[in-house]
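For reference, the chains in residue letters:
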Amino acid sequence: MLEPVLSINHLQVSIRSRDGSMNEVTKDVTLELRDHEFVSVVGPSGSGKTTLLRAASGLRMPSGGEVLFEGRPVTEVPKGMAIVFQEYNKSLFPWLTIGKNVAIGAKEYPQPERVTRVEEALEQVGLKGFSTRYPWELSGGMQQRAALARAMVSNPKVLMMDEPFASVDALTRNHLEDVVQRLWAESNFSALMVTHDVGEAVYLSDRVFVLSARPSTILAEIKIDLPRPRSHLETKQMHRFVELQAEVLERVEEAGRESVGLPDDL
């Protein structure tokens, strides 16, 4: 079996609170992301999903354990990894055009190739012809597509996503899920996404990991054996989709009963 592209081994993360005490967020989290695999992490509010993603991407140093990207320890965001955040309006620079925002993800390439890559990335996400617009001229869904284009422009090996569709309406969310699904199917990257939305996790993923209450461990790993390609109209009416969604939700609710009284997710 091929080595996983991303390995999270016995990860521990503690965060210092304002009074100086240390709060343990993740206690022992182990999971792997394989080549061209889509994995989601769900869990109750406060279980440390965002903290886990930040540690896995090199944005936060763990207190214990290790993260390996293509066999090498992660100490910062490594080349070959791209991140899409929930708050698109904070991740795009409002004083730069969409084209220049996307070009930030391709800064390592020479100018002629950078221009080509930006054009191709914008076309991939359905924003062809919008390169000279500014973020504030676009809808929320279009801004998040621009953020996706910036992540895709460097042809990443791993795409990390932190609640990427939580800030848009339901119809836009469905559309963006299908944009990501198509990008993943047409490319060779692996994806690791954290989300509160159980249906979204089941719809997009090959496997779903459920975090326990904080300090979190892996409560369950659920294989999503739904056929691909998937569509909202057909896939979500399948009996198997309903079964899987119920299974994941049951495990999240089980963890949630343990986490009553904890603050919101870190």
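Keep in mind the model is a prediction, meaning the values are calculated, not measured.

J.: Help me understand the environment of Thr195 in this model?
T.: Within the secondary structure layout, Thr195 lies in the loop between strand 8 (190-194) and helix 7 (198-204). Apart from residues no more than four positions distant in its own chain, Thr195 is found in contact with Val41, Val42, Lys49, Glu163, Arg173, Glu200 and Ala201.

J.: How should I be thinking about the packing of aromatic side chains in this particular structure?
T.: The relative placement of two aromatic rings is captured by the distance of their centres and the angle of their planes. For the structure shown, the criterion picks out three aromatic pairs. Relative to Trp184, the ring of Phe38 lies with its centre 6.2 Å away and its plane at 70°, an arrangement referred to as edge-to-face. In this pair, Phe38 sits in strand 3 (residues 38-42) while Trp184 sits in helix 6 (residues 170-186), placing the two residues 146 residues apart along the sequence. Taken as a pair, Phe38 and Trp184 share a single burial class, namely buried. Ring centres 5.1 Å apart and planes at 40° place the aromatic pair Phe93 and Trp95 in the tilted group. The exposed category is assigned to Trp95, whose relative accessible area is 60%. The ring of Tyr109 is capped by Arg117, whose NZ or CZ atom sits 3.9 Å from the centre of that ring. Its guanidinium or amino end placed over the ring of Tyr203, Lys236 lies 5.3 Å from that ring's centre, counting from NZ or CZ.

J.: Would you mind showing me how to read the pattern of salt bridges here?
T.: It is possible for side chains bearing opposite charge to pair when their charged atoms get close. Taken as a whole, this structure holds 16 salt bridges when the rule is applied. The closest approach of N and O atoms between Glu37 and Arg34, which form a salt bridge, is 3.7 Å. Accessibility expressed as a relative area gives 6% for Glu37, which makes it buried. On the basis of relative accessibility, which here comes to 36%, the residue Arg34 falls in the partly exposed class. The partner of Glu70 in a salt bridge is Arg72, and the shortest N-O contact between them spans 3.6 Å. One network of salt bridges, with partners in common, ties together Arg34, Glu37, Arg207 and Glu221.

J.: What should I look at first to understand the nonpolar core in this one?
T.: Soluble globular proteins: nonpolar side chains tend toward being buried together. Of all hydrophobic cores here, the largest spans 51 residues; its most connected members are Phe38, Val102, Met161, Val202 and Val248. Considering every element that reaches this core, the biggest residue donor is helix 5 (residues 140-152), with six residues. With residues near it in sequence (within four places) discarded, Val248 still touches Val42, Val198, Val202, Val208, Val210 and Ile222. Among the nonpolar cores identified, the runner-up in size contains 27 residues, and Val5, Leu6, Phe209 and Leu211 belong to it.

J.: For this particular structure, what's the right way to read the pairing of strand 3?
T.: The side chains of a regular strand alternate between the sheet's two faces. Here strand 3 lies mainly inside the structure; five of its five residues are buried. Neither face of strand 3 is exposed, since Phe38, Ser40 and Val42 on one face and Val39 and Val41 on the opposite face are all buried. Across four bridges, strand 3 lies against strand 8 in parallel orientation. Directly across from Val39, in strand 8, lies its bridge partner Leu192. Inspection of the sheet shows strand 3 paired to strand 9 (residues 207-211) by four bridges, in the parallel sense. The residue of strand 9 that forms the bridge with Ser40 is Val208.

Scoring rules and cut-offs
Residues numbered from 1 in each chain as written. Predicted model: local features only at pLDDT ≥ 70, side-chain atom pairs only at ≥ 80, totals over all residues. Heavy atoms only, no water. Helix = DSSP H or I, 4+ residues; strand = E, 2+ residues; numbered from the N terminus. Contact = heavy atoms within 4.5 Å. Phe/Tyr/Trp six-rings, centres within 6.5 Å; stacked < 30°, edge-to-face > 60°. Buried < 20%, exposed > 50% of the residue type's maximum accessible area, 1.4 Å probe, protein only. Lys NZ or Arg CZ within 6 Å of the ring centre and 35° of its normal. Salt bridge = Lys/Arg side-chain N within 4 Å of Asp/Glu carboxyl O. Core = buried A, V, L, I, M, F, W, Y, C linked by side-chain atoms within 4.5 Å. Pairing = 2+ DSSP bridges.

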